[in-house]
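Working through the structure, step by step
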Amino acid sequence: ATHPRVADDVMASMKRQRREDGSHGGDGPSPEDLRELRDVIIHCDGSVNVLGGLSKDVARDVPVLCEEATTFVMECVNELPVKTPVYATLVGLINAEAPEFGESVVSTTTDALNEALKAEDLSARVRARILTRFLVMLSAVGVVKSDEAIGLLENMLLHALAEAKGGKKGWQPRADWIAYVALAAVPWGGEFYSKSEYVNQFENVLDLADEYAKKRTANPDSATTIIKSADGNEIDWFMEMHARLSAARTNQQWNILSIPAIAEPFVDALAKTSNAHALPMIEITTIAYANHAEASAHYPGRSILRILDSNFTEGTGNPDAWGPLERFVAEEYIVDTIWAFEPGYRRAAVIPATEQLA
């Protein structure tokens, strides 16, 4: 990540170029201004100094930078998904001062999510999961109304349930995927929702997950298992995920150590904001398939990696032990990173995979 002093120097340079009245002149920000802003956003390390300074600069310049800054943030959300909490916090801080920026980010995110939910290719499937995660995090920082973010997860699970009850040929792979998109976002919002006024609505999400898990057919798929189990007994990927969510619910272990918490100096400011935005309509369509095999070709199950020793990811029963979702989140990070190096993705990426590691 960029050293905070480097980021401070870039922001100082942008301030010197700004006119005394706070504008960038009649022509708006220069190409150099925009290159510098994009670089700082890409390399934002989540530190208090960088987030605080960057958010104040962007908030002040939203009238002339809103579209470009939204584009830069969304590039990072899509291509640097392990830093989702960092960019959600950045958007939350800017939104607290300039709500039009938060509205722009929410609109852009939901438009992209609508497109991803209609497509069937790998890139769209990954982006749908990442964008849903981002919307959940935006609700935790006062950018999206929490009840509507939880409502999105409910609607996804209700759609999966409707597909299960309809029982058409080949229904399960896509229904599993829709449910996975919703449930994979829960670790990023569980701690916040479980302590909020919307806890009952959050509990309903988990109830719907339980109901869907009972409707579907367990189907261990060797193609989704990267490394075989030691005893040869393979498990269904969805049921493994559901079991971890159920354990977190039972034990109330929603605090995920591998998901960065909002920096303490920003917690109060974000909690007090009244600039939360409604979610535009997000449509979840039904796609018909001739059979299970055809559907599975478009929506294969989530990979079970087994490349992390359980001693590093599983709780030991102690109060301070890692909870049941730590391994799931670690695997999500690994899947996100592997996707960043996928050949087709590298060709289309705006931020090269090698730069993402900087």
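Definitions and cut-offs
Residues numbered from 1 in each chain as written. Predicted model: local features only at pLDDT ≥ 70, side-chain atom pairs only at ≥ 80, totals over all residues. Heavy atoms only, no water. Helix = DSSP H or I, 4+ residues; strand = E, 2+ residues; numbered from the N terminus. Buried < 20%, exposed > 50% of the residue type's maximum accessible area, 1.4 Å probe, protein only. Contact = heavy atoms within 4.5 Å. Areas by Shrake-Rupley, 256 points an atom, 1.4 Å probe, with all protein chains shown as cover. Axes fitted to C-alpha atoms, helices over the stretch in contact; angles between N-to-C directions. Parallel < 35°, antiparallel > 145°, perpendicular 65-115°, else oblique. Nonpolar A, V, L, I, M, F, W, Y, C, P; charged D, E, K, R; others polar. Left-handed = near helix turned anticlockwise from the far one by under 90°. Polar contact = N/O pair within 3.5 Å; in protein donor to acceptor, adjacent residues only side chain to side chain. pLDDT = per-residue confidence, 0-100. Salt bridge = Lys/Arg side-chain N within 4 Å of Asp/Glu carboxyl O. Bend = angle between axes of the 7 residues up to and from the residue. Phe/Tyr/Trp six-rings, centres within 6.5 Å; stacked < 30°, edge-to-face > 60°. Lys NZ or Arg CZ within 6 Å of the ring centre and 35° of its normal.

This brings us to the overall build of the protein chain. The secondary structure content of the protein chain amounts to 18 helices and zero strands. Counting every position in the protein chain, which comprises 358 residues, the buried fraction comes to 53%. Taking all contacts inside the protein chain whose residues are at least 6 apart in sequence as the whole, residues at least 24 apart take part in 80%. Carbon and sulfur atoms make up 52% of the accessible area of the protein chain, which amounts to about 16100 Å² in all.

The subject of this paragraph is unusual backbone geometry. Even without being glycine, Q252 reaches a positive phi, approximately 50 degrees. With respect to the secondary-structure elements, Q252 resides in the loop between α12 (237–251) and α13 (264–272). Exposure remark for Q252: the relative accessible area of 45% places this residue in the partly exposed category.

It is at 6 Å that the axes of helix α3 (residues 48–60) and helix α4 (residues 62–79) come closest, and there the two elements cross at 115 degrees. When the interaxial angle is binned, α3 and α4 end up roughly perpendicular. Here V58, A59 and R60 of α3 lie close against α4, whose contacting residues are V62, P63 and A69. Its residues assigned to classes, the contact of α3 with α4 shows five nonpolar, no polar and one charged.

Attention now goes to the packing of α3 against helix α5 (residues 84–97). With their axes 9 Å apart at the nearest point, α3 and α5 run at an angle of 45 degrees to one another. Looking at the two axes, α3 sits oblique to α5. In this structure, α3 crosses over α5, and the sense of that crossing is right-handed. Where α3 approaches α5, its residues L51, L54, S55, V58 and A59 are matched on the opposing element by V86, T89, L90, L93, I94 and E97. Residues that form the contact of α3 with α5 fall into these classes: eight nonpolar, two polar and one charged.

Once that is clear, we can look at the environment of Y289. Within the secondary structure layout, Y289 lies in the loop between α13 and α14 (292–298). Accessibility expressed as a relative area gives 8% for Y289, which makes it buried. Measuring from C-alpha to C-alpha, the distance between Y289 and P173 comes to 10.0 Å, with 116 residues separating the pair along the chain. If we skip the residues at most four places from it in the chain, Y289 touches E120, K169, G170, R174, E294, A295, H298 and Y299. Only 2.3 Å separates the side chain of Y289 from the side chain of E120, close enough to count as a polar contact.

Taken as a whole, the protein chain shows an average pLDDT of 84; of its residues, 78% reach a score of 70 or greater. Of the regions scoring below 50 in pLDDT, residues 16–26 engages in 15 contacts with residues more than four places distant in sequence or in other chains.

Following the criterion strictly, the structure yields 17 salt bridges and no others. Taking the shortest distance from any N to any O, the salt bridge between K195 and E191 comes out at 2.7 Å. According to the relative accessible area criterion, K195 is exposed, its value standing at 65%. The shortest N-O distance in the salt bridge between R244 and E240 comes to 2.7 Å. Of the two residues, R244 and E240 both sit in helix α12, four residues apart, roughly one turn of that helix. A relative accessible area of 16% means that E240 is categorised as buried. Three or more residues are tied together by salt bridges with common partners; here these are R129, R133, R302, R327, E331, E332 and D336.

Where α4 bends most, at E68, the angle is about 35 degrees. Taking burial as the measure, the 18 residues of α4 include 13 buried ones, the bulk of the element.

It is worth spelling out the side chain of T132 at this point. Tracing the backbone through its elements, the reader meets T132 in helix α7 (residues 122–140). The class for T132 is buried, based on a relative accessible area of 0%. Sequence-distant contacts of T132, defined by excluding residues within four places in its chain, comprise L113, L152, L153, M156, V181 and A185.

Before going further, it helps to spend a moment on the environment of A128. Among the structural elements, A128 can be located in helix α7. Residue A128 is classed as buried on the basis of its relative accessible area, which comes to 0%. In contact with A128, not counting residues within four places along its chain, are L113, A116, L117, W177 and V181.

This part is about the packing of aromatic side chains. Following the criterion strictly, the structure yields 10 aromatic pairs and no others. Ring geometry for W171 against Y212: centres 6.4 Å apart, planes inclined by 85 degrees, an arrangement best described as edge-to-face. With a gap of 41 residues between them, W171 in the loop between α8 (146–166) and α9 (172–185) and Y212 in helix α11 (residues 199–215) connect regions that are remote in the sequence. By the burial criterion, W171 is buried, and Y212 matches it. Residues Y289 and Y299 carry aromatic rings whose centres are separated by 6.4 Å and whose planes lie at 75 degrees to one another, so their mutual orientation is edge-to-face. Residue Y289 is located in the loop between α13 and α14, and its partner Y299 is located in the loop between α14 and α15 (310–313); the two are separated by 10 residues in the primary sequence. Grouped by ring-pair contacts, the aromatic residues W171, Y180, Y212, W237 and F238 constitute a single cluster. The positively charged end of R133 is found above the aromatic ring belonging to W188, 4.1 Å away from the centroid.

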